[in-house]
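Okay, here's what each chain looks like letter by letter:
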Amino acid sequence: MKMSRCIFPMIALFMILLLFPLLTEAQDDVKYLGNICYILDSDELLGKPPAGVRIGVMSFGTGRFILSGVLAGIIPINGSAFIGQNNTIVISLYYSFDSGGSLESGSLSSSFSVIYMVVDAQTLKGTHTTMIVQTTPEPLSIKTQRGGVRLFLCN
Amino acid sequence: MKTLGRILSIVVIIMSVSLFPFPAEAQDDVKYIGEVCYTLDEDSALSGIALPMGRLGILSFGPNYFILSGRGGSMGTAVLSGNTIKISLNHSADSYSSDGSMGATWFSAMYMVVDAQTLKGTHTTMIVQTKPEPPKISTHKGSARLYSCGQ
């Protein structure tokens, strides 16, 4: 009985000591890996260049990634990615934008968008579903586009 | 022997996942550089009504790009572009009434552009309220100001 009383605290202490480096490592381990770019198949078929998408990739070492960057050179975009099943990369991206103008005069054009991508981790090719909600000018419009997408290293 | 095989498989999977990065090389560390606060619509005629405001932690990973993470679950990106700071910020929330039933659910998308020197500018905020029904989407445009949270 006495023996077990000694052993359990020792095990608990041992576990804490084991886990402590992992916890501290998690704090220090967020790394900026670089930038990725993507191009939609529909744009590629038309010979259009990528729309200035440049997304910084941050890793915190768990197979999950924070994404943060700029679209079309001017629109901040953010999201996250993780390694999914069957060697895929699953990505969610969000951005909002207004083109200037005034809400009162009806000249304001504002929208927010959500992009969901699944790409093969080896070929970096896959599909995207993009939902664009244009809130002004009225009437409200919601568009959904689906197609191919390719990730690549930015220049 | 079987157990050893399993352990080795798990180690290989963990190593593959941690070694699989996006096709880019490790560069700089991400740095937490502090907090910034913002307030909206200070110049509007909503006297007596609490102004919308927020508090955002800032992570830097390059000279011009910043990750924003706010209290209450806001998440976004800021980009320093010339003399302006452009911000995209998303937020979702719900509320419950006193009897525990769900009151309202909504998410918002904000686009903010502020002058990098004066820290003043404009915001356009789109709010999608999914409850109570019917769902509604509204757009607000007004002034925005960033400031040091210590002020």
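Described below are features of the structure shown in this document. (Residues numbered from 1 in each chain as written. Chains lettered and ligands numbered in written order. Predicted model: local features only at pLDDT ≥ 70, side-chain atom pairs only at ≥ 80, totals over all residues.)

1. Examining the sheet that holds strand β8 (residues 136-148) of chain B
Residue and element names in this part refer to chain B.
- One closed barrel accounts for eight strands, arranged β1-β2-β3-β4-β5-β6-β7-β8; its pairing is antiparallel. If you compare each strand with its neighbour and ignore which way they point, the axes differ by 30 degrees on average.
- Bridge count for strand β5 (residues 84-96) against strand β6 (residues 102-115) is 13 bridges, and the pairing is antiparallel. Bridge pairing in β6 places asparagine 90 opposite alanine 109. (Pairing = 2+ DSSP bridges. Helix = DSSP H or I, 4+ residues; strand = E, 2+ residues; numbered from the N terminus. Axes fitted to C-alpha atoms, helices over the stretch in contact; angles between N-to-C directions.)

2. Points about the interface of chain A and chain B
- Between chain A and chain B, the residue contacts involve 38 residues of the former and 35 residues of the latter.
- Broken down by secondary-structure element, the contributors of at least two residues to the side of chain A that touches chain B are β1 (31-40), β2 (54-59), β3 (64-71), β4 (75-83), β5 (88-98), β6 (110-120) and β7 (125-136) of chain A.
- A per-element tally of the side of chain A that touches chain B places β1 of chain A first, with six residues.
- Among the residues forming the side of chain A that touches chain B, the class breakdown is 23 nonpolar, 13 polar and two charged. (Contact = placed C-beta atoms within 7 Å. Nonpolar A, V, L, I, M, F, W, Y, C, P; charged D, E, K, R; others polar.)

3. Some points on unusual backbone geometry
- Note that the residue after threonine 136 of chain A, namely proline 137 of chain A, is joined by a cis bond; omega there is -5 degrees.
- Tracing the backbone through its elements, the reader meets proline 137 of chain A in the loop between β7 and β8 (141-153).
- Following glutamate 133 of chain B, the chain continues to proline 134 of chain B via a peptide bond in cis, the omega torsion being 0 degrees.
- Mapped onto the fold, proline 134 of chain B is located in the loop between β7 (120-131) and β8.
- Residues other than glycine seldom take positive phi values, yet leucine 119 of chain B does so here, at roughly 65 degrees.
- Of note, leucine 119 of chain B is situated in the loop between β6 and β7.
- Taking the number of C-beta atoms within 10 Å as the measure of exposure, leucine 119 of chain B has 15 and is therefore partly exposed. (Buried ≥ 20, exposed ≤ 12 C-beta atoms within 10 Å, placed from the backbone.)

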